[in-house]
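Spelled out from the first residue to the last, the chains are:
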Amino acid sequence: DGGITQSPKYLFRKEGQNVTLSCEQNLNHDAMYWYRQDPGQGLRLIYYSQIVNDFQKGDIAEGYSVSREKKESFPLTVTSAQKNPTAFYLCASSGGQGATGANVLTFGAGSRLTVL
Amino acid sequence: AQSVTQLDSQVPVFEEAPVELRCNYSSSVSVYLFWYVQYPNQGLQLLLKYLSGSTLVKGINGFEAEFNKSQTSFHLRKPSVHISDTAEYFCAVSEGDTGRRALTFGSGTRLQVQP
């Protein structure tokens, strides 16, 4: 079945360490997105990529970095510069023809990062 | 810039009662609107979407929403809820084909269905 796979599901990190969250999709979607979810704040956009080898900052990009070397993959690195990294991270993708394909996001199951 | 406001952070309701979850948006251009549902520790699942055409949109699990351009609202409704509808619901907007396609989400409404 087509979908988005995020790993790991749970991750613990010590302060000062970088950590990379994996996101892989087999939907043949052009666009991919990373969101951060905190209780009571909904989802906030970190980075997004419309095509391979190109990405844009979202609303809360500071302390994060991404790469898009392959269409299927969009890993997110949470760096030590991110002041409050404990959160639930969601990866999504969109693609296909017309408005439906371009704007409807399919989400992965999420990765929960806890900084000790 | 686009934004979404979900006025109620929590909505408690008894099983088989009707429910309405409110959503208002702001944008300077035409928009596409969405409702997603999230069960605990899971990703988001699309409930329904408004892209164009009829302003009354029907989605999965018996939910529907009505796009009201004059009131900039997209409220979600269900005539009779079940225990299994207990979840968090997110309203989202994108600026369609000419604007930022990444969705902007509201802060969410937790629907608690009681027996």
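Draft legend 1. A look at the nonpolar core. All names here are of chain B. One finds Trp35, Leu48, Leu76 and Tyr89 to be the most contacted residues of the largest nonpolar core, which totals 27 residues. At the level of elements, β2 (10-14), β3 (19-21), β5 (32-38), β6 (44-50), β8 (64-68), β9 (73-78), β10 (87-94) and β12 (109-114) are the ones that each hand at least two residues to this core. Setting aside residues no more than four positions away along its own chain, Tyr89 makes contact with Gln6, Leu21, Trp35, Tyr36, Val37, Leu47, Phe63, Leu76, Gly108, Thr109 and Leu111.

Draft legend 2. Examining the interface of chain A and chain B more closely. Contact with chain A, which involves 25 residues of that partner, is made by 22 residues of chain B. Summed over both sides, the interface between chain A and chain B buries roughly 1800 Å², with carbon and sulfur atoms accounting for 55% of that surface. For the chain A face of the interface with chain B, the top three residues by lost area are Leu43, Asn103 and Phe107 of chain A, together amounting to 27%. Linking chain A with chain B are zero salt bridges, by the criterion used here. Counting the contacts that link chain A with chain B gives three residue pairs in polar contact (both at pLDDT 80 or more). Counting residues per element, the side of chain A that touches chain B draws most heavily on strand β5 (residues 42-51) of chain A, which supplies five residues. Looking at the side of chain A that touches chain B, its residues break down into 14 nonpolar, eight polar and three charged.

Draft legend 3. Broad picture of the pairing of strand β2 (residues 10-13) of chain A. All names here are of chain A. Burial along β2 is one-sided: the residues Leu11 and Arg13 are buried and none of Tyr10 and Phe12 is. In terms of strand pairing, β2 meets strand β11 (residues 111-115) through four bridges, oriented parallel. Across the sheet, Leu11 pairs through a bridge with Leu113, a residue of β11.

Draft legend 4. Expanded view of the state of the cysteines. All names here are of chain B. Per the counting criterion, the structure on display carries two disulfides over all chains. Across the disulfide, Cys23 is cross-linked to Cys91 (sulfur-sulfur distance 1.9 Å). Since a negative S-S torsion denotes a left-handed disulfide, the Cys23-Cys91 link at about -65° is left-handed. One end of the pair, Cys23, is in the loop between β3 and β4 (24-26); the other, Cys91, is in strand β10, with 68 residues separating them in the sequence. Exposure class is identical for Cys23 and Cys91. Each is buried.

Cut-off values and rules
- Residues numbered from 1 in each chain as written.
- Chains lettered and ligands numbered in written order.
- Predicted model: local features only at pLDDT ≥ 70, side-chain atom pairs only at ≥ 80, totals over all residues.
- Heavy atoms only, no water.
- Core = buried A, V, L, I, M, F, W, Y, C linked by side-chain atoms within 4.5 Å.
- Buried < 20%, exposed > 50% of the residue type's maximum accessible area, 1.4 Å probe, protein only.
- Helix = DSSP H or I, 4+ residues; strand = E, 2+ residues; numbered from the N terminus.
- Contact = heavy atoms within 4.5 Å.
- Buried area = accessible area lost by both parts, 1.4 Å probe.
- Salt bridge = Lys/Arg side-chain N within 4 Å of Asp/Glu carboxyl O.
- Polar contact = N/O pair within 3.5 Å; in protein donor to acceptor, adjacent residues only side chain to side chain.
- Nonpolar A, V, L, I, M, F, W, Y, C, P; charged D, E, K, R; others polar.
- Pairing = 2+ DSSP bridges.
- Disulfide = S-S within 2.5 Å.

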